[in-house]
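Residue-level listing of the chains:
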Amino acid sequence: MAFKFFNLAANEIIDTSTSNFSPLKKLHNINKEISTISLADMYFDGLGVEKDTKKAFRIYSKVADEGSFNALNAVAYCYDNGFGVEKNEEKAFELYLKSAGKGFLNAQLNVNMCYQDGTGITKDEAKGF
């Protein structure tokens, strides 16, 4: 049931272009982002659907391209671990850093871990701290 509703919300098209009510547009965009990421999470974990990390990666990437720093962090995680895409630790670090720079806290933690472990970047515990 959750999959059905996330899929509906992610794919629902509401014409907010004719509305002068900016908060409605913002709320619609936030809900669509959250629903689409939740849909990708279901594919990633195989919750209610067959597990498909490649499909999850494609969905995360699409939302990240639309400006979601939460989804960008998920794309970086996929690169970091080779989920649905070829493993690329340098690309993962670059994307974690971009998401962290916009204030996304989970990405900031991931940047810290990259520095601490030397993942995708030269190990530097002081920078990690």
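Residues numbered from 1 in each chain as written. Predicted model: local features only at pLDDT ≥ 70, side-chain atom pairs only at ≥ 80, totals over all residues. Heavy atoms only, no water.

The protein chain carries the name HCP-like protein in an unreviewed UniProt entry, which gives Diversispora epigaea as its organism.

Visitor: It is not clear to me how the overall build of the protein chain should be interpreted in this structure. Could you clarify?
Guide: A tally of regular secondary structure across the protein chain gives 7 helices and 0 strands. When the helices and strands of the protein chain are placed in sequence order, the string is α-α-α-α-α-α-α. Expressed as a percentage of its 129 residues, the buried residues of the protein chain come to 36%. Here the analysis covers contacts within the protein chain between residues at least 6 apart in sequence; of these, 35% occur between residues at least 24 apart. (Helix = DSSP H or I, 4+ residues; strand = E, 2+ residues; numbered from the N terminus. Buried < 20%, exposed > 50% of the residue type's maximum accessible area, 1.4 Å probe, protein only. Contact = heavy atoms within 4.5 Å.)

Visitor: Honestly, the packing of aromatic side chains in this entry has me stumped. Any pointers?
Guide: Centre-to-centre distance and the angle between the planes together describe a pair of aromatic rings. Taken as a whole, this structure holds 6 aromatic pairs when the rule is applied. Their ring planes at 90° and their centres at 5.4 Å tell us that Phe57 and Tyr79 sit as a pair that is edge-to-face. One end of the pair, Phe57, is in helix H3 (residues 53-65); the other, Tyr79, is in helix H4 (residues 69-81), with 22 residues separating them in the sequence. Like Tyr79, Phe57 is buried. Following the ring pairs from residue to residue traces out a cluster consisting of Phe44, Tyr60, Tyr77 and Phe83. (Phe/Tyr/Trp six-rings, centres within 6.5 Å; stacked < 30°, edge-to-face > 60°.)

Visitor: Sorry, what's going on with the side chain of Thr119 here?
Guide: Looking at where Thr119 falls in the secondary structure, it is placed in the loop between helix H6 (105-117) and helix H7 (125-128). On the basis of relative accessible area, Thr119 is assigned to the buried category, the value being 15%. Setting aside anything within four residues of it in sequence, one finds Thr119 in contact with Asp80, Glu89, Phe93 and Cys114.

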